[in-house]
Structures are given as structure tokens and as C-alpha cells.
Amino acid sequence: MKKRSIAAAAMSLAIAASFTMNAALPVYAQTAAASTASSSSSAKNTEALTKALETVKSRITIPEDYTDFSYSSSVRSGIDTFSFTWKQDSEITSGSLGYINVRISGDVITYFNHYDPSYKTWGDPAFARLSSGQMIGAAKNAVKMLDPDIAEQLSYDENVSPELRSSTITVSFTRQNEGLDFDKNSGYVNIDKNTGELISFSLTWWGDAKFKKADTAVSVSDIEAAYRQNVTLTPYYRIKNDDGKLSASIVYAPDKTVLFDADLAKPTTMLDDFAAANNTSNYTLDDTVEDVEEDAAYETTETVSAGAGISRSNPVFTDAEKKALLDSGKYYSKTDAVKLLKDDKYLGLTDKYVLSSAEMEKTSADDGSYSYLWNFNFYINTTDQYKQMYVTMDAESGKILSYRKYDYSSGKKSRTINIKSVNKIAEAAAEYYLPDIFGEYRADESNTADAKGASDRTLEFNRYVNDIQVSGNSININVNSDGEVMSFDYDYDNIKFPEAKIISADQAYDFLFKQTDFDLYYSGFQTLDGKAKTYMLYSLDTYYINAKTGRLCSYDGGEYNSAESSGSCPYTDISGNWAEKYITKLYDYGITLSVNDNKFSPDSAITEREFARLLDSLYYSEVMPLLYGDYAYDDTSTLGNSPLTKAESAKLYILARDGKAFAELKGIYKSPFKDVKSTDSNVGYISLAYAMGAVKGDSSGNFNPDSKITRAYAMYMIYNIIASAN
């Protein structure tokens, strides 16, 4: 596809001819339904089947060549449910067959899908021909056609996000009662983004759902008081990684998420009711009451626990490279490193273990520094034992950074751990491995929880600075019932922490309620016999509060932007800029550049690397490897970071489209611009980029090939590339 489009442009310029290619999207035939059909099973209830078929065919027109019919039936929540399929007859139609699937429960259609083999779902990047309003309108009309009796009870998400390569757009909706959303009854409509044609539809609908009156909800002040009583705000140090520069902020976070019964101002019993009704302790509802900080700790970094936030996406060394490093005398050899491991107090590396592999790797820490690691894999495989051990060691200091042991030996009896014993062992091991920093860590209260028959436990120690816990900095040690330390890892960020001069928790609540609103909505579940049970709830979205200023912030203390969270363009410095509409339009499609503090900096120069990434976002990871090799995303040394000229941008675009061979054909191009000679080395690239709509000249007919392009112009250029494809 790429070569053909560039070849066409090259030929067009070479012979001074022009042509237009129009690709029309398919329009589904609207014809009468077939009168003959064969059923895959006999109907249990002819009357119900007849009614369901009549209802579906009164709302949906089946193409006349979809003559093969089958169905299945079931009872859902006490309601007769039928799944119908119409498809093209294989004896009449060759190749892939089109089909329509419909599911109807009672008189509510809950599923529709039309597969047309001639319909192109994905293609080249292109803007939608319909506006957001038109797409939402088409979605509403589709739902009204499918389910006219309930269509008015649905609320539609107006933040539609079309994709450049997809021919369709998904519009989501939620059931409402008295203006409040019912989060368990929702669905989506999938339509063609250019024609509004219905492609697919899905709906969850509980016909027997009953709701409490919205006006029985308590006041906002009452729910705020209940929130203060049930949710504890705790300050944490959160560490932010900004291009390798680490910094810490103090953030207030809730200890748990609590849903409140809106008419009682008390924590809801919904989850317990669900467990009782379904005789299970495994909550499967979307809404949960849980410890927020425990889960959030895993959001902080993308590193593994090898000590000090060390990255593991680095290449290992060959034998020759390892020899060169070891000859320097700065790093432990493999033999010396293994000797150290055998002397370790807790590792238990005996002579029975066989060394399976030993790899040295160069790692980059969050702060941009480098270090070298040994990664060892040992095992025992005898008639009565099968064990494995993985160890990571700092190759320079010989310090163990992490390890994990596995014992798969048969016949080993499992015993319940002794809580006091395993805590004592874990604390001693933590101090043994980290004598210089262990004093900053405190045992987590979960360490002393009841054993409940467990044969091992992972003990956690959390770091505290200025009496405030540091999120993501912990020591984790697993001890089994035999007192053996089975694993060890830790995280420690060596950075400067700000003073703990913060607002009080009471003040944090006050700031919270001034900046955010409680959501009032319906939720619920279905019992095992399919009966709907609903609740009217109050809840708050996930939030964090800057403990210095009281303002809402991101997880790591960064600035919170309500526009960005709502899906609208968040840039604060493009209003009135000549390229505002292009920047905003591309943002809606997920095409953007990196920004600081929501400032797009439209007049700043753009680099080759930045522009290549813009092209890459159009062509889904085809560009960077094509331009810079397979390791373009990992190795930035070959990527240009100098300002890009207009001529270079044209060349980069054609290279990205794999058009080098066409662009460098000699003697066939006549420059479309006054200031670009036909003998210019880049005339082929510039001419092709112009023919394909990527670049344009000024009002005087000049291209200004050596002028530096700005971030705004780059977005204008990307916009033109897509628009020309339309």
C-alpha cells in the first residue's frame, strides 16, 4: 500500500499528469428478508419464538441474500432469550460470507452485529467525515431503531474518540433513572465514522430493576461528614521520574475506597449482600472497598525490585565483553562472585547446586547512572530434590540486590508458619543485607496478621522519612515454615526529600470537598436466580492531594489537569495560534507531542526525533525501526535532536513511507516551488511530499527548504497528510 501510493505520486509528477482515486465506503443493501430459513434447533415455545422474530424483523432489515437462518434459545433472568443468525448461502455466494447476529431478551434487543466481508474495517489514517455531534446522533438513531421503548432512558458519552485507521467509532451509553446513571446497565454502539451506518451494538439491561427515589439521598454536607468518619487521609512521599531526574512530593491519599448508601450516609452493604446472595467470598463487582495505598504502590515505577530502581530492559554482554570488563579489575569475576554467594548467611547456596547460567548486564537507574549486575541461575535436580535459585548481584560491590528460591521437591510436608518466628528472621535478614539503610524502614502491620494455615509469608518493611512513608520504597522478604528465607528484594531511592511542612488531614478534607464532587448514582447486582438488586450510592473518584498546597494532584504529586482528565485538549498556550485547530484536531485522535505543564510550545523548533515519533503515531510503529533500525526505541544515540528544516521534514516523511527508491530517481522531477531547483538533491522527496499533500508552499510559491519548522508547523503538516488521505 505504501509503495503503491508513492509510486503513483512519482508517476504523476514524471509525466505531468494527474489522477484522482476515490474509495467509496460500502453501503449495506436494505432489502426484504428471506422467506425460507432452516433452524439449528426446534423452538420450545413457538409463540415466544414467533414474537421475538417479528420484533427483530420489524426493527432490522435483513438483506435478501442472507438466506441461511439459525437460532438458539435460553432463559435469562426468567426471560425468554433468542439468538438469531442470518448469513449468506454458501451455495450461492463464494468466498467469505456475510452474516448478521441478533440477540433479543423479551422485547429488548441486547446484541447486534453485521459482518460484511466487503467492508474495510481498517485502512490508511483518515479523519472522520462526520462531526462528533453527527456520530452521536447516528448512534442515538441506531439505538432508537433497535430498542425504541428504552432508548430515551439512556445517557450517551459525548467524548467520542475516533481512531485514524479505524473505519468505525464507538459511542458508549449508560442507563439512567431520575437523571442518575445506573452503572450496571450500559453498552455501546459501533457505527461507521463516515456514514453513520450501524455496525454493531451491545447492551446489558435488567428489566426488573427497581430504584430508590433520587430525592431520598442525604445532603452533600451529610455525606462529607460520613466520609471524614470512615476514610483516613494519610501523607506519603511520592517519587516522580522526569526524564531521569527524580524528585519527591508529599501527597495525601485515602486509606481505602468507600461506597456509601446515599439515603443512609453509611458504608454500603452491597458487597456483603452480593456475597451472601451468591454464596461466595469472591467479589466480582466492579466497585470494591480496598486498601488504596497497598495497590497504588505498584504504580510508581516500571522497574523490578533489584535495588534502587534498576531497569531491566538492558542487553547482556558477550564473553569477550565480559572479559574486557573483568580485566579492568573493578568488577567481581564469575568465580569470585559465586564464592561470595556461597558465604552468604541466608542464601543457602551449597555445592549441591549447579550453576545453570551467569550473565552480566549493564543497567540504567532512574537517575540516569549506570551499573553492572551479575544474574545467576542455580538448580538442584536429584532423585529427591528439585530446587531453583535466581540471584542478582552488584558486580562492583558484590552486594546481593535480590534473590528468589523455589523448592519443588516431592514429599515435603507443609506446616503452618510461626508468626513471631518468621518476623524475627525477616527483620534479621533485612538488617543483614541492608545494614546502612534498614533503620529507615518499619515493619508493615500486615506482617503480624493471623497465619490462617499459611506455610510461608512475605514480610514487608516500608521506608519512612520525616515520619512519612515513602511509597514504592520497601523491603520484601519471604520466609517459610522451616525458617528459610526464600526471597529478598528491596527498593531505595537515594534522593533529597522536602521538609514535612504540610497541611493537616482536616485541612486536606476541606480542600478535597472544595475541588471535587461526590458521584450520586445507582449500582447493584443480580442474584443467582437472575433477580436485580439495586443501590443508590455516593462515591468519589480516585484522587490525591498535594500536602503542601491542598490542590488536587496526580499520583506522584504532579499537576492535576481537569481538561486532560475529561478528554478535552489541555494545552494552555495555543489559544489564538494560527495552528490551534490542527493541534486540537490531532489531539482528539491521540496525535500529540510531549509537553511540560500543559504547555504545547507551538513556536518552538521540532527535532528529527520528535517529528519521527509523530509519523510513527500515524503508521503504528512502522517508522522508527524503518528510519533508525530495530532498536530505535531503546537506543536514542542515533536519533537527531537538532532542529528540523522543511526539506528534512519532507525527506523524513517520504522515507517513512518507504519511498526512497522513487524519490531518488534522477531527471524525472520538476520542482513545484520557485526556490527548489530541479537539480536539488532533495527535489524528489520534496516533490513527492507535495504531490501527496504533506507540504505546501507560501503565497509567493516558495518552499523555504532551509527554514526551521516549529512544533505548530509539524502538526499542520501531519494534519495535511491525513486530510489528503481523506
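Please refer to the structure placed before this passage.
Definitions and cut-offs
- Residues numbered from 1 in each chain as written.
- Predicted model: local features only at pLDDT ≥ 70, side-chain atom pairs only at ≥ 80, totals over all residues.
- Heavy atoms only, no water.
- Helix = DSSP H or I, 4+ residues; strand = E, 2+ residues; numbered from the N terminus.
- Buried < 20%, exposed > 50% of the residue type's maximum accessible area, 1.4 Å probe, protein only.
- Contact = heavy atoms within 4.5 Å.
- Areas by Shrake-Rupley, 256 points an atom, 1.4 Å probe, with all protein chains shown as cover.
- Axes fitted to C-alpha atoms, helices over the stretch in contact; angles between N-to-C directions.
- Parallel < 35°, antiparallel > 145°, perpendicular 65-115°, else oblique.
- Nonpolar A, V, L, I, M, F, W, Y, C, P; charged D, E, K, R; others polar.
- Expected span 1.5 Å × (residues − 1).
- Arc of directions from axis to C-beta.
- Core = buried A, V, L, I, M, F, W, Y, C linked by side-chain atoms within 4.5 Å.
- Salt bridge = Lys/Arg side-chain N within 4 Å of Asp/Glu carboxyl O.
- Phe/Tyr/Trp six-rings, centres within 6.5 Å; stacked < 30°, edge-to-face > 60°.
- Lys NZ or Arg CZ within 6 Å of the ring centre and 35° of its normal.
- Left-handed = near helix turned anticlockwise from the far one by under 90°.
- Pairing = 2+ DSSP bridges.
- Patch = residues over 30% accessible without salt bridge, like charges linked within 9 Å, V, L, I, M, F, W, Y side chains within 5 Å.
- Lys, Arg positive; Asp, Glu negative; His and termini not counted.
- Charge placed at Lys NZ, Arg CZ, Asp CG, Glu CD.

Engineer: For this particular structure, what's the right way to read the overall build of the chain?
Structural biologist: A count of helices and strands for the chain gives 18 helices and 23 strands. Out of the 726 residues belonging to the chain, those deemed buried represent 44%. Long-range contacts, defined here as pairs at least 24 residues apart, represent 63% of the contacts in the chain between residues at least 6 apart. Only carbon and sulfur atoms are counted for the fraction: they give 46% of the accessible area of the chain, which is about 37200 Å².

Engineer: Please explain the packing of helix 15 (residues 646–656) against helix 17 (residues 683–691) as it appears in this structure.
Structural biologist: Think of two packed helices as two axes; the pair is described by the angle between the axes and how far apart they sit. The N-to-C vectors of helix 15 and helix 17 enclose an angle of 75°; their axes lie 8 Å apart at closest approach. What the angle tells us is that helix 15 and helix 17 run roughly perpendicular. Contacts from Ala-647, Ala-650, Lys-651, Tyr-653, Ile-654 and Leu-655 of helix 15 reach helix 17 at Tyr-685, Ile-686, Leu-688 and Ala-689. Split into classes, the residues belonging to the contact of helix 15 with helix 17 amount to nine nonpolar, no polar and one charged.

Engineer: Please clarify how the environment of Ala-689 should be interpreted in this entry.
Structural biologist: Looking at the element boundaries, Ala-689 is found in helix 17. Considering only alpha carbons, one finds Ala-689 and Ile-654, 35 residues apart in sequence, at a separation of 6.5 Å. Beyond its immediate stretch of four places on either side in the chain, Ala-689 contacts Ala-650, Tyr-653, Ile-654, Ala-694 and Val-695.

Engineer: Please explain helix 18 (residues 711–725) as it appears in this structure.
Structural biologist: Given 3.6 residues to a turn, an α-helix orients residues that are three or four positions apart in the same direction. With 15 residues, helix 18 extends 22 Å from end C-alpha to end C-alpha; this agrees with the ideal 21 Å at 1.5 Å per step. With respect to burial, helix 18 is a largely interior element, twelve of its 15 residues being buried. What helix 18 keeps buried is the set Arg-711, Ala-712, Tyr-713, Ala-714, Met-715, Tyr-716, Met-717, Ile-718, Tyr-719, Asn-720, Ile-721 and Ile-722. The elements touched by buried residues of helix 18 are helix 12 (580–588), helix 13 (608–619) and helix 15.

Engineer: Sorry if this is basic, but what is going on with helix 10 (residues 505–515) here?
Structural biologist: All of the buried residues in helix 10 are Ala-508, Tyr-509, Leu-512 and Phe-513. Taken end-on, helix 10 shows its buried residues confined to a sector of 130°, consistent with a single buried face. Where helix 10 is buried, its residues meet helix 4 (220–230), strand 9 (233–242), strand 10 (245–254) and strand 23 (545–546).

Engineer: What should I look at first to understand the nonpolar core in this one?
Structural biologist: Soluble globular proteins tend to bury their nonpolar side chains together. Within the largest apolar cluster, 92 residues are counted, with the highest numbers of intra-cluster contacts made by Phe-84, Phe-201, Phe-611, Tyr-653 and Ile-718. No other element matches helix 18, which puts ten residues into this core. Ignoring any residue separated from it by four or fewer positions in sequence, one finds Tyr-653 in contact with Leu-615, Tyr-619, Ala-689, Met-692, Ala-694, Met-717 and Ile-721. Among the nonpolar cores identified, the runner-up in size contains 44 residues, and Leu-341, Leu-401, Leu-459 and Val-479 belong to it.

Engineer: What is the right way to look at the pattern of salt bridges in this model?
Structural biologist: Where charged atoms of side chains with opposite charge meet at close range, the side chains can pair. The tally for this structure, following the rule as stated, stands at twelve salt bridges. For Asp-482, the salt bridge identified is with Arg-415, shortest N-O distance 2.6 Å. In this pair, Asp-482 sits in the loop between strand 19 (468–480) and strand 20 (485–490) while Arg-415 sits in the loop between strand 16 (400–407) and helix 9 (419–433), placing the two residues 67 residues apart along the sequence. A residue is classified by how much of its surface remains accessible, and Asp-482, at 45% relative accessible area, is partly exposed. What makes Arg-415 partly exposed here is its relative accessible area of 42%. The salt bridge involving Asp-467 is made with Arg-442; its shortest N-O contact spans 2.5 Å. Taken together, the positions of Asp-467 in the loop between strand 18 (456–465) and strand 19 and Arg-442 in strand 17 (residues 441–443) put the pair 25 residues apart, joining distant regions of the chain.

Engineer: Looking at this structure, I do not really get the packing of aromatic side chains. What am I missing?
Structural biologist: Each pair of aromatic rings is reported with the distance of its centres and the angle of its planes. In this structure the tally under the stated criterion is 48 aromatic pairs. A ring pair is formed by Tyr-406 and Tyr-408, whose centres lie 6.0 Å apart and whose planes are at 0°; its orientation type is stacked. Judged by its relative accessible area of 31%, Tyr-406 falls in the partly exposed class. In this arrangement the basic side chain of Lys-585 is found over the ring face of Phe-127, its NZ or CZ atom lying 5.2 Å from the centre.

Engineer: Even after reading the chapter, I still don't get the packing of helix 15 against helix 18, so can you show me in this structure?
Structural biologist: In contact at an axis separation of 12 Å, helix 15 and helix 18 are set at 35° when each is read in the N-to-C sense. The handedness of the crossing between helix 15 and helix 18 comes out as right-handed. Along its contact with helix 15, which presents Lys-646, Ser-649, Ala-650 and Tyr-653, the element helix 18 presents Tyr-713, Met-717 and Ile-721. When grouped by side-chain class, the residues that make up the contact of helix 15 with helix 18 number five nonpolar, one polar and one charged.

Engineer: Would you mind showing me how to read the pairing of strand 9 here?
Structural biologist: Each regular strand displays side chains that alternate between the two surfaces of the sheet. Alignment of strand 9 against strand 10, held across ten bridges, turns out to be antiparallel. Within strand 10, the position partnered with Asn-241 by the bridge is Leu-246. Sheet topology note: the strand 9/strand 19 ladder contains two bridges and is parallel. Within strand 19, the position partnered with Tyr-236 by the bridge is Gln-469.

Engineer: Mind showing me how you'd approach unusual backbone geometry here?
Structural biologist: One can expect most non-glycine residues to show negative phi and most peptide bonds to be in trans. Residue Lys-452 is not a glycine yet carries a positive backbone phi of 50°. Inspection of the secondary structure puts Lys-452 in the loop between strand 17 and strand 18. On the basis of relative accessibility, which here comes to 75%, the residue Lys-452 falls in the exposed class. With phi around 65°, Asp-658 is a residue other than glycine that occupies positive phi space. Residue classification places Asp-658 among the partly exposed positions, given a relative accessible area of 31%.

Engineer: Is there a simple way to think about the pairing of strand 21 (residues 519–526) in this case?
Structural biologist: Of the pairings in the sheet, the one linking strand 21 to strand 22 (residues 532–539) comprises eight bridges and is antiparallel in character. Paired with Ser-523 across the two strands is Tyr-535, which belongs to strand 22. Where strand 21 folds back onto strand 22 in an antiparallel hairpin, the turn is made up of five residues, including Gly-530, whose phi is positive at roughly 85°.

Engineer: How do you make sense of a negative patch on the surface when you look at a structure like this?
Structural biologist: Negative charge collects at one region of the surface, where Asp-181, Asp-517, Asp-519 and Asp-541 lie side by side. Inspection of the secondary structure assignment puts Asp-541 in the loop between strand 22 and strand 23. By relative accessible area, which is 53% here, Asp-541 ends up exposed.

Engineer: Please clarify how the side chain of Thr-55 should be interpreted in this entry.
Structural biologist: By the secondary structure assignment, Thr-55 is in helix 2 (residues 46–59). Note on Thr-55: relative accessible area 13%, which makes it buried. Not counting chain neighbours up to four residues away, the residues in contact with Thr-55 comprise Ile-104 and Asp-107.

Engineer: I would appreciate a short explanation of a nonpolar patch on the surface in the present structure.
Structural biologist: A contiguous nonpolar patch, built from Tyr-386, Tyr-390, Tyr-406 and Tyr-408 and spanning about 380 Å² of accessible area, is present on the exposed surface. Positionally, Tyr-390 belongs in strand 15 (residues 386–394).

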